[in-house]
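# Fold and contact review
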Amino acid sequence: MDLANIMKSPVRTVKPQDTVAHARAIIEKYRVRQLPVVVDRRLVGIVTDRDLRDAWAAGAIAADAANRESTPAPDADQITVDAVMTTHVLTLSPASSVVEAARIMLRERIGAIPIVEHGGLVGIVTRSNILEAFISANEAGRK
């Protein structure tokens, strides 16, 4: 089975200059854990819920330190996605296999793989999509 059959599309995305607060709002509203970062449909990075939590924590620590040193701390609402995103993103094509995606996720310990075709983001496959595909294949094999 190829990824075109299980990928989610359209994909919730953010831009590099969006704020961490904006990205967190999308993650919470749509209950996703990863957001591809795009410029004109071209993938330039990925940001995870952990990246965003760490950015908030860093902002809080900086604010606490600034209060002690009377220097202004960066406001967590002013931190942009490009400051916390991962720029080296593993991608696959819609024709790649579910097994290949599962192996990459396991080896790299990642929860999602953006799907890119002709230089543009066309979908995303998450760990949950992979598990659903394996469950469906197993159940179909029992019939």
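Below or above, wherever it landed, is the structure these notes cover. (Residues numbered from 1 in each chain as written. Predicted model: local features only at pLDDT ≥ 70, side-chain atom pairs only at ≥ 80, totals over all residues. Heavy atoms only, no water.)

## What about the overall build of the protein?
- Across its full length, the protein carries 4 helices and 4 strands.
- Overall, the protein shows an N-to-C arrangement of helices and strands of α-β-β-α-α-β-β-α.
- Residue burial in the protein is summarised as follows: out of 143 residues, 38% are buried.
- A separation of at least 24 residues holds for 57% of the contacts in the protein among residues at least 6 apart in sequence.
- Accessible surface computed for the protein: about 8900 Å², of which carbon and sulfur atoms make up 50%. (Helix = DSSP H or I, 4+ residues; strand = E, 2+ residues; numbered from the N terminus. Buried < 20%, exposed > 50% of the residue type's maximum accessible area, 1.4 Å probe, protein only. Contact = heavy atoms within 4.5 Å. Areas by Shrake-Rupley, 256 points an atom, 1.4 Å probe, with all protein chains shown as cover.)

## A short note on the packing of aromatic side chains
- The tally for this structure, following the rule as stated, stands at 0 aromatic pairs.
- The ring of Tyr-30 carries Arg-12 above its face, with NZ or CZ at 3.5 Å from the centroid. (Phe/Tyr/Trp six-rings, centres within 6.5 Å; stacked < 30°, edge-to-face > 60°. Lys NZ or Arg CZ within 6 Å of the ring centre and 35° of its normal.)

## Observations regarding the environment of Ala-101
- You can see Ala-101 is positioned in helix H3 (residues 98-108).
- Here Ala-101 falls in the buried class, since its relative accessible area comes to 0%.
- Considering only alpha carbons, one finds Ala-101 and Thr-126, 25 residues apart in sequence, at a separation of 9.1 Å.
- Those residues in contact with Ala-101 that lie beyond four places of it in its chain are Leu-3, Leu-92, Ile-113 and Ile-130.

## Some words on the pattern of salt bridges
- Applying the stated criterion across every chain yields a total of 3 salt bridges.
- A salt bridge links Arg-53 to Asp-49; the shortest N-O distance between them is 3.5 Å. Highlighted residues: Arg-53 and Asp-49, both in helix H2 (residues 49-69), separated by 4 residues, approximately one helical turn.
- Using a relative accessible area of 42% as the deciding quantity, one classes Arg-53 as partly exposed.
- You can call Asp-49 partly exposed: its relative accessible area is 24%.
- Note that Glu-108 and Arg-107 form a salt bridge whose closest N and O atoms lie 3.0 Å from each other.
- Glu-108 gets classed as partly exposed once you look at its relative accessible area, which sits at 38%. (Salt bridge = Lys/Arg side-chain N within 4 Å of Asp/Glu carboxyl O.)

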